[in-house]
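# Notes for the structure review
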Amino acid sequence: MIRVRFAPSPTGYLHIGAARTALFNWLYARKTGGRMLLRIEDTDLQRSTEESTRSILEGLEWLGLDYDEEIVFQSDNAPKHRAAALRLIEEGKAYRDFTPKEERSDANVKQGIAERAREHAAEGRDQRSNPYRDLSPEESERRAAAGELFAVRLKVGREGRTNFVDAVYGEQARDYAEIEDLVLLRSDGHPLYNLSVVLDDIEMGITDVIRGQDHLTNTHKQILIYEALGAEPPRFAHLPLILAPNKGKLSKRKHGAVVSLTTYRDRGFVPAAFRNFLALLGWSPDTEQELMTKEELVEKFSLAGIGRANAVFNFSEADPRQWTDAKALWMNAEYIRTMPLAELVPFVKAELRAAKLWREEYEDDDRAWFERAVELIRQRFHTLKDFSEQGRAYFSDDFDFDPAAVKKNLHKEPRLRELLPAMAARMEAVEPFTAETSEAALRAFAEEAGVKAGLLINASRTMLTGQAVGPSMFDVFAVIGRERAVRRLQSGEPWFGFEAETV
RNA sequence: GGCGCUAUGGUGUAGUUGGUUAACACGCCGCCCUCUCAAGGCGGAGACCACGAGUUCGAGCCUCGUUAGCGCUACCA
């Protein structure tokens, strides 16, 4: 049976790239009838936080990605990892390196690597010319027993190469000469990433490792560890990376909230929409269909559909309307206006509740009205936030007037100040009050008053909703209802300060 | 520095064993619809398929080279 895992390190919120890795693992597990496991790689005690773990879990839940077994916390396995490294020394597959630890600050890691590489090349030294590599076991034991500090390094063979077939990138090979004797255990006894991953994957019975392409070359090292351990390596599938608009790394530090999955939840994305968008970043189905439900994604998913080139996540920090990828925004709007109303309502409810606009009657006596209102306004909304912002006037009398709308639809024609209350008086007598009857009343009134219907329609829109744009006005009348419509048409609020302005 | 990966319109992608006017979606522009804005319908601009050679009757697809971007190269993960 196929067993995959998502193994994030809890050093911040869930990055959208990581979320996409989780999604692909999950899709693969569900597609193949396998199991999806979760492992929190919290071995970096300095940077790992519980809050981060919680946020990752929340993010996965929001995306609808579940897992099948208990969560594994990598730090719990550290003693086992240490023991395994020590065992490799006994078996002669690893050795103690007594070289004093070099302190290297985060900032100059790259530089240090380049410098060291240059020195080595100049001296004609090989990656594995460690003086302790061939120290006799007795001597090594003696120095360790004497309390000397040592790191444990894997003894990489002199001749040979590692090979594996990546499900995405194809055949991969690497000469041993290009792989250094990597450190398995730090001199303070702390197991390192490559060792921990391999050991945990073995223990969890992982059959397929699906992860970011940044691990592609590290895979060779890990294969060496599998071999030293006498274990069969799993299959590997590396995913292309997600890049920032400048084709650089999409980082939490540089790009902020756009890379955090929780941002999408907080800014009104429907999870199904974001999941759908994420699935299309680096993967494509063999049909041209792009809108896919969770079930359809599972059905169509295959490793063969994963591309090899990194994908650019397009957004603009300067333009608020493009705070995230335009296609993601479009997809969210598409979901909001086309998903089954019953699935949308809980999200709208949560949004209205958060904005203190929710009323229990919406699920009870006013349920039919509520659904009708949501159906009407969702047609032109892009995020769930719109229900409490642009849509506020449908749920509350306390809404703001857009100054531009007031100016364009009301102040431009001063006569409206008298016409609208007069029209309201007419509306009061309309029975029943529907889109059709309100339209008939408005048009009749316009004709008598000798003005264009459009003038009254646009003015009504602003009086009733505070805005210049919105659904067909007669539908708005019907949804807002006679009582509220009349009251709003008579309101003096948009006219406050009007004289001062025009004189 | 070394090694590796990648390269199709602004973005995401499709291009099956080499033979097409290089396809789809988002975005952009225009028209229609119309009470506004969307949606929808119709149409359009935008790609010498990174560049240069080669193989071939024929190359986006194969080969080599170049360039660029990215990744790895840590007693980080």
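Residues numbered from 1 in each chain as written. Chains lettered and ligands numbered in written order. Predicted model: local features only at pLDDT ≥ 70, side-chain atom pairs only at ≥ 80, totals over all residues.

### Overview of the overall build of chain A
The condition is simple: Starting at the N terminus, helices and strands are each numbered in turn, a helix being any DSSP run of H or I of at least four residues and a strand any DSSP run of E of at least two. Just to be clear, the radius of gyration here is over C-alpha atoms, and the globule rule we use is 2.2 Å times residues to the power 0.38. With C-beta atoms placed from the backbone, the exposure class of a residue follows from how many other C-beta atoms lie within 10 Å of its own: 20 or more, buried; 12 or fewer, exposed; in between, partly exposed. This entry defines residue contacts through backbone-placed C-beta atoms, with two residues in contact when those atoms are within 7 Å.
Secondary structure summary: chain A contains 23 helices and twelve strands in total. Over its C-alpha atoms chain A spans a radius of gyration of 32 Å, topping by over 25% the 23 Å that the globule rule assigns to 503 residues. Principal axes of the C-alpha set define a box for chain A whose edges measure 110 × 50 × 40 Å. Here chain A holds 503 residues, and the buried ones make up 34% of them. Partitioning the intrachain contacts of chain A with sequence separation of at least 6 by distance along the chain shows that 78% fall at a separation of at least 24.

### Overview of the confidence of the model for chain A
Stated precisely, the cut-off is as follows: For every residue, the pLDDT score states the predictor's confidence, bounded by 0 at the bottom and 100 at the top.
Counting all residues, the mean pLDDT for chain A is 93, and 97% of those residues have values of 70 or more. Interface confidence for the predicted complex, expressed as ipTM, amounts to 0.94; the pTM equals 0.94.

### As for the environment of Gly 391
Mapped onto the secondary structure, Gly 391 falls in the loop between helix H15 (385-388) and helix H16 (392-395). Each residue touching Gly 391, except ones within four places of it in the same chain, is listed here: Ile 377 and Asp 386.

### Quick look at the sheet that holds strand S2 (residues 35-40)
This is how the line gets drawn: When DSSP locates at least two bridges between a pair of strands, those strands are taken to pair. Whenever a helix is involved, its axis is fitted only over the stretch in contact; in every case the axis is a line through C-alpha atoms, and angles between N-to-C directions fall within 0 to 180 degrees.
Spatial strand order, S1-S2-S3: three strands in an open sheet with parallel pairing. Lying at the two open borders of the sheet, with one neighbouring strand each, are strand S1 (3-6) and strand S3 (72-73). Alignment of S2 against S3, held across two bridges, turns out to be parallel. Residue pairing in the sheet places Arg 39 in a bridge with Val 72 of S3. Those strands touched by helix H1 (residues 16-32) are S1 and S2, and its axis lies near 160° from that of S1.

### Quick word on the environment of Leu 14
Positionally, Leu 14 belongs in the loop between S1 and H1. Sequence separation of Leu 14 and Leu 60 is 46 residues, and the distance between their C-alpha atoms is 8.6 Å. If near-sequence neighbours (up to four positions away) are discounted, Leu 14 is found in contact with Pro 8, Ala 19, Ser 55, Ile 56, Gly 59, Ser 260, Leu 261 and Thr 262.

### A word on the nonpolar core
What counts, and what does not: By definition, a nonpolar core groups buried Ala, Val, Leu, Ile, Met, Phe, Trp, Tyr and Cys residues that are joined through C-beta atoms within 7 Å.
Among the nonpolar cores identified, the biggest contains 89 residues, and Ala 19, Ala 22, Leu 23, Ala 273 and Leu 278 are the most heavily contacted of them. Looking at this core element by element, the count peaks at ten residues for H1. If we skip the residues at most four places from it in the chain, Ala 19 touches Leu 14, Gly 59, Leu 63, Leu 261 and Leu 278. In terms of nonpolar packing, the next biggest core, distinct from the first, is built from 24 residues, Val 156, Leu 185, Ile 223 and Leu 224 among them.

### Let's talk about the protein's contact with RNA strand B
Definition in use: Working rule for contacts: place C-beta from the backbone, and if it is within 6 Å of a molecule or strand, that residue counts as near it. Think of it as three bins: nonpolar holds Ala, Val, Leu, Ile, Met, Phe, Trp, Tyr, Cys and Pro, charged holds Asp, Glu, Lys and Arg, and polar takes everything else, Gly as well.
In the neighbourhood of RNA strand B, 64 residues make up the surrounding shell, with Ala 117, Tyr 193, Ala 309, Val 312 and Ser 472 lying closest. Among the elements of the structure, helix H4 (109-123), strand S12 (311-312), helix H12 (326-338), helix H20 (453-465) and helix H21 (473-480) are those that each provide at least two residues to the surface near RNA strand B. When residues in the surface near RNA strand B are grouped by element, the largest group, seven residues, is from H4. Tallied by class, the residues present in the surface near RNA strand B amount to 26 nonpolar, 19 polar and 19 charged.

### Quick word on unusual backbone geometry
Following Glu 431, the chain continues into Pro 432 via a peptide bond in cis, with omega recorded as -10°. With respect to the helices, strands and loops of the structure, Pro 432 is situated in the loop between helix H18 (416-428) and helix H19 (435-449). Positioned with a positive phi, Lys 247 is a non-glycine residue whose angle comes to about 65°. Counting through the fold element by element, Lys 247 comes out in the loop between strand S11 (242-243) and helix H8 (252-255). The backbone phi angle of Lys 356 is positive, close to 60°, even though this residue is not glycine. Tracing the sequence through the fold places Lys 356 in the loop between helix H13 (341-354) and helix H14 (367-377).

### Structural notes on the pairing of strand S6 (residues 161-166)
For S6 and strand S7 (residues 170-175), the ladder comprises six bridges, and the chain directions are antiparallel. Paired with Phe 164 across the bridge in S7 is Gln 172.

### A few points about the packing of H20 against H21
To be explicit about the condition: Each helix crossing is assigned a hand: it is left-handed if the near helix lies turned anticlockwise from the far helix by less than a right angle, otherwise right-handed if that turn is clockwise.
Two elements in contact, H20 and H21, have axes separated by 10 Å at closest approach and are oriented at 35°. Our pair here, H20 against H21, has a crossing hand that is left-handed. Together, Ile 457, Ser 460, Arg 461, Leu 464 and Thr 465 of H20 and Met 473, Val 476 and Ile 480 of H21 make up the contact between the two elements. Its residues assigned to classes, the contact of H20 with H21 comprises five nonpolar, two polar and one charged.

### Re the sheet that holds strand S4 (residues 94-97)
Strand order in the open sheet formed by three strands is S4-S5-S8, and the pairing between neighbours is antiparallel. Strands at the two margins of the open sheet, each flanked by one partner only, are S4 and strand S8 (183-185). Across the sheet, the mean angle separating the axes of adjacent strands is 40° when strand polarity is ignored. Packed on one face of the sheet, helix H3 (residues 78-90) meets S4, strand S5 (151-154) and S8 and runs near 100° to S4.

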